[in-house]
Amino acid sequence: MEATLTIIKPDSVAAGNAGNIIAHLEREGFKVTAVKKLTLSQAQARAFYEVHKERPFYDSLVEFMTSGPSMPVALERDNAVKHLRAVMGATNPAEADQGTIRSLYATSIEANAIHGSDSAENAQIELGFFFSRAELLAGRG
Ligand code: ATP
Ligand code: MG
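Notes on the structure follow. Not measured: the values here are computed from a predicted model. One numbering rule holds for all chains: residues counted from 1, following each sequence as written. Ligands are numbered from 1 and chains lettered from A, in the order in which they are written. Given that the model is predicted, a residue must reach a pLDDT of at least 70 before its local features are reported, and side-chain atom pairs must reach 80 or more before they are shown or counted; all residues, however, enter totals for whole chains, interfaces and linings. Side-chain descriptors were evaluated using all non-hydrogen atoms of the structure, hydrogens and water having been removed beforehand.

Before going further, it helps to examine the overall build of the protein chain. The number of helices and strands found in the protein chain is eight helices and four strands. What counts as a helix is a DSSP run of H or I of at least four residues, what counts as a strand is a run of E of at least two, and both are numbered from the N terminus. Beginning at the N terminus, the succession of helices and strands in the protein chain can be written as β-α-α-β-α-α-β-α-α-β-α-α. Here the C-alpha atoms of the protein chain give a radius of gyration of 14 Å, agreeing with the 14 Å that 2.2 N^0.38 yields for 141 residues. Dimensions of the protein chain, computed from the C-alpha atoms along their principal axes, are close to 40 × 35 × 25 Å. Throughout, a contact is declared for two residues whenever any of their heavy atoms are within 4.5 Å. In the protein chain, the proportion of contacts linking residues at least 24 apart, taken out of those at least 6 apart, comes to 77%. Counting every atom, the protein chain has about 7,400 Å² of accessible surface; 50% of that belongs to carbon and sulfur. Taking the 14 positively charged and 17 negatively charged side chains of the protein chain as two groups, their mean positions are separated by 4 Å. C-alpha atoms define the radius of gyration, and 2.2 Å times the number of residues to the power 0.38 defines the globule rule. Residue burial considers only the protein chains on display, and all accessible areas are found by Shrake-Rupley using a 1.4 Å probe. Here Asp and Glu are counted as negative and Lys and Arg as positive; His is not counted, and neither are the chain ends. Charge positions come from single atoms, namely NZ of Lys, CZ of Arg, CG of Asp or CD of Glu.

Right, let's talk about the environment of Ser-132 for a bit. Mapped onto the fold, Ser-132 is located in the loop between helix H7 (120-130) and helix H8 (133-138). Taking the relative accessible area as the measure of exposure, Ser-132 reaches 33% and is therefore partly exposed. Distance in space between the C-alpha atoms of Ser-132 and Thr-4 is 14 Å, their sequence separation being 128 residues. Any residue under 20% of the maximum accessible area for its type is buried, any over 50% is exposed, and the rest in between are partly exposed; the area is computed with a 1.4 Å probe on protein chains only.

See below:
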């Protein structure tokens with residue numbers, strides 16, 4: 001089993017799609033080990049997406065991610081990181097394969113429904129950003 005992190009982004013939570021997205025992930029074989037609902041502060045959003053701080057879209061991305069509640073979800077599955085990226089679809093929903101979460105729920109390249117960790121190493125860092133070890137252990141099957 002491998003762990004990864006998704007964030008159901010503010011656009012999806014506001015649109016009432018969080019439940020459908022979690023159901024989609026469960027149908028894909030992911031187990032939810034922990035979940036929270038929170039509105040990211042500016043400092044938290046800046047830190048989470050720090051790797052993009054030189055990008056032209058960074059300030060707008062931070063505004064979007066702090067615009068309302070989002071839901072970090074800790075997930076487990078075989079090959080979880082790669083499988084989540086496949087199920088998510090491309091960053092730009094116009095380029096996302098049919099049936100992917102972004103093709104179903106994203107409305108723009110920025111408001112693109114969910115986040116997914118891009119490597120096993122980053123998944124561990126990102127899980128630790130939102131969840132304690134105790135919380136992750138408590139939710140394991
Ligand atoms: P995420 O990291 O959220 O899973 P990703 O790995 O598919 O998404 P990244 O390149 O890491 O894509 O970009 C992080 C986020 O920044 C995107 O999900 C999107 O919300 C936003 N973003 C990326 N590119 C653009 C862009 N050209 N214009 C506006 N927003 C963008
Ligand atoms: Mg990314």
